[in-house]
Amino acid sequence: MKMMRLLVLLSCLGVIYGSHSPLRDAVSSQGTERVVGGTDAPPNYWRWQVSLQYGEPYDETSFYHICGGTLISINFVMTAGHCILSPQSTNFRVVLGEYNLYIQEGTEIVLPVERIFLHPQWTGDLGNGNDIALLKLASPIYDNGFIEIAQLPEYEQFLPNGYTCYITGWGLTQSGGSSPAILQEAPLPIVEHSICSRSDWWGSLAKKTMLCAGGDGNIAGCQGDSGGPLNCYMNGYWQVHGVVSYGPSGMCNAYKKPTVFTRVSSYLGWISSIIRYT
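The protein chain appears in an unreviewed UniProt entry as Elastase-1-like from Lepisosteus oculatus.

Pasting the structure below:
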């Protein structure tokens, strides 16, 4: 129970928080600090990034950003299980091609959610894992030049310790701080399971179906980033290896408490079965 008090959902209850080129030095040189140690992402670079929004189905003005997500097929979005605040699909919509949450830029496609698929072993307890959900869109997406379907990793693929990936999202820029309008990005090095599961890191809360990244006390995901992707450049293209799940309570960028992701490569069978048969 003591360890569980360290957990915090990296989602939000209000408006807070491919095939592109390889890792860019621009992330550390753009200036304005965001995400918790991140920077403004280049416009329309992370084209599979989704803003998951919650509101009343008959009032478009009531919808607000609660979580991130990843477009994984023409009609499915992947997000975190704890982002599902209601069993009613009509309370959710996704915005693809989003960059600035507060400005209509002509790149966005807004689609309602037709059906929600929570992982059958998701219990609401972050420490047990399985924090993943799929959202079936009410209609297939179309290519407007600003949207791309994410590439996923191979089955049970593990990343080496220290491998640099990128977290993206609209999460808080610091614990208890402000939320950015513009999509943020930040580099996070992978922390392999043998390290992340040590008693002075996340201990037994770090499962092999999870992926840890960060933990330097400077850069981290924060409230509002939940459900969003961990993007890793491998074999000539970007792959989404993680879904933002949890972090330390009280301070997002705590030393030896890296951001924890649901490891996508552990759930490819379930993902495939949902997409193929629904």
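Peer 1: How would you sum up empty space enclosed by the protein? Please name residues and give values.
Peer 2: Estimated volume of the largest cavity: approximately 60 Å³. If you go around the largest cavity, the residues you meet are Asn 44, Tyr 45, Trp 46, Arg 47, Gln 49, Gly 97, Glu 98, Phe 146 and Leu 183. For the lining of the largest cavity, the per-class residue count stands at four nonpolar, three polar and two charged. Approximately 40 Å³ is the volume attributed to the second largest cavity. Forming the boundary of the second largest cavity are Leu 126, Gly 129, Asn 130, Asp 131, Thr 209, Met 210, Ser 245, Tyr 246, Thr 262 and Tyr 267. A class-by-class count of the residues in the lining of the second largest cavity yields four nonpolar, five polar and one charged. Taken together, domain 1 (43-149 + 270-277) and domain 2 (163-265) each give at least three residues to the lining of the second largest cavity, which thus spans both.

Peer 1: Run through the state of the cysteines, naming residues and quoting values.
Peer 2: Within the structure shown, the criterion is met by four disulfides. Here Cys 67 connects covalently by a disulfide to Cys 83, the sulfurs 2.1 Å from one another. Linking Cys 67 and Cys 83, the disulfide has an S-S dihedral of approximately -90° and is accordingly described as left-handed. Of the two residues, Cys 67 is situated in strand 4 (residues 64-73) and Cys 83 in the loop between strand 5 (76-79) and strand 6 (92-96); the sequence distance between them amounts to 16 residues. Each of the two residues, Cys 67 as well as Cys 83, counts as buried. Each disulfide pairs two cysteine sulfurs, and for Cys 165 the partner residue is Cys 232, the sulfurs being separated by 2.1 Å. Measuring the twist about the S-S bond at about 110°, one finds the Cys 165-Cys 232 disulfide to be right-handed. Here the residue Cys 165 occupies a position in strand 9 (residues 164-169), and Cys 232 occupies one in strand 12 (residues 229-234), the gap between them amounting to 67 residues. Each member of the pair, Cys 165 as well as Cys 232, is classed as buried.

Peer 1: Give me the sheet that holds strand 6: which residues, what numbers.
Peer 2: One closed barrel holds the six strands; their spatial order is 3-4-5-8-7-6, and the pairing between them is antiparallel. Across this sheet, the average inter-strand angle for adjacent strands is 40°, counted without regard to direction. In terms of strand pairing, strand 5 meets strand 8 (residues 133-137) through four bridges, oriented antiparallel. Counterpart to Met 78 in the pairing with strand 8 is Leu 134. Of the strands in this sheet, strand 4, strand 5, strand 7 (109-118) and strand 8 are in contact with helix 2 (residues 268-277), which crosses strand 8 at around 20°.

Peer 1: For the nonpolar core, give the residues involved together with the corresponding values.
Peer 2: Side chains of a nonpolar character, in soluble globular proteins, are inclined to be buried together. Core analysis: the biggest nonpolar cluster contains 48 residues, and Met 78, Val 94, Leu 96, Leu 134 and Ile 271 have the highest contact counts within it. Among the elements of the structure, strand 3 (49-54), strand 4, strand 5, strand 6, strand 7, strand 8, strand 13 (237-248) and helix 2 are those that each provide at least two residues to this core. There are two domains that each give this core at least three residues, and those are domain 1 (43-149 + 270-277) and domain 2 (163-265). With near-sequence residues (within four places) excluded, Met 78 lies in contact with Gly 69, Thr 70, Ile 72, Ile 132, Ala 133, Leu 134, Leu 152, Gly 227, Val 240, Val 243, Val 264 and Ile 271.

Peer 1: Summarise the pattern of salt bridges; cite the residues concerned and give the values.
Peer 2: Tallying each qualifying case throughout the model produces three salt bridges. Across the pair Lys 256 and Asp 200 runs a salt bridge, and its minimum N-O distance is 2.8 Å. Of the two residues, Lys 256 is situated in the loop between strand 13 and strand 14 (259-263) and Asp 200 in the loop between helix 1 (193-196) and strand 11 (210-213); the sequence distance between them amounts to 56 residues. The exposure class assigned to Lys 256 is partly exposed, which follows from its relative accessible area of 22%.

Peer 1: A description of unusual backbone geometry should follow, citing residues and the corresponding values.
Peer 2: Excluding glycine, residues mostly have negative phi values, and the peptide bonds linking residues are mostly trans. The phi angle at Asn 44 is positive, at roughly 55°, despite the residue not being glycine. Assignment of secondary structure puts Asn 44 in the loop between strand 2 (39-40) and strand 3. For Glu 156, which is not glycine, the phi torsion reads 55° and is therefore positive. With respect to the helices and strands, the residue Glu 156 is situated in the loop between strand 8 and strand 9.

Criteria and thresholds
Each chain carries its own residue numbering, running from 1 in the direction its sequence is written. pLDDT decides what is reported in this predicted model: residues at 70 or higher carry local features, side-chain atom pairs at 80 or more are listed and counted, and totals for whole chains, interfaces and linings draw on all residues regardless. As a rule here, side-chain values cover all heavy atoms of the structure and leave hydrogens and water aside. Only protein atoms enter the 1 Å grid, on which a cavity is a set of points fitting a 1.4 Å probe that cannot get out and a pocket is an open set with protein on both sides within 12 Å along at least 5 of 7 lines, lining residues being those with an atom within 4 Å of a point. Grid points are joined across faces, edges and corners, and a volume is the space filled by probe spheres set on the points. Side-chain classes follow a simple rule in which Ala, Val, Leu, Ile, Met, Phe, Trp, Tyr, Cys and Pro form the nonpolar group, Asp, Glu, Lys and Arg form the charged group, and the remainder, Gly included, forms the polar group. For each domain, the first and last residues come from an automatic or database assignment. By convention in this document, the label disulfide applies to cysteine sulfur atom pairs within 2.5 Å. Under the scheme used here, helices are H or I runs from DSSP no shorter than 4 residues and strands are E runs no shorter than 2 residues, and both carry numbers assigned from the N terminus. Partly exposed residues are those whose accessible area sits between 20% and 50% of the maximum for their type, while under 20% is buried and over 50% is exposed, using a 1.4 Å probe and protein chains only. For two strands to be treated as a pair, DSSP must find at least two bridges joining them. Each axis is a line fitted through C-alpha atoms, taken for helices only over the stretch in contact, and angles between the N-to-C directions span 0 to 180 degrees. Should any heavy atoms of two residues lie within 4.5 Å, those residues are considered in contact. Residues enter a nonpolar core if they are buried and are Ala, Val, Leu, Ile, Met, Phe, Trp, Tyr or Cys, with the set joined through side-chain atoms within 4.5 Å. Salt bridges are defined as contacts in which a side-chain nitrogen from Lys or Arg sits within 4 Å of a carboxyl oxygen from Asp or Glu.

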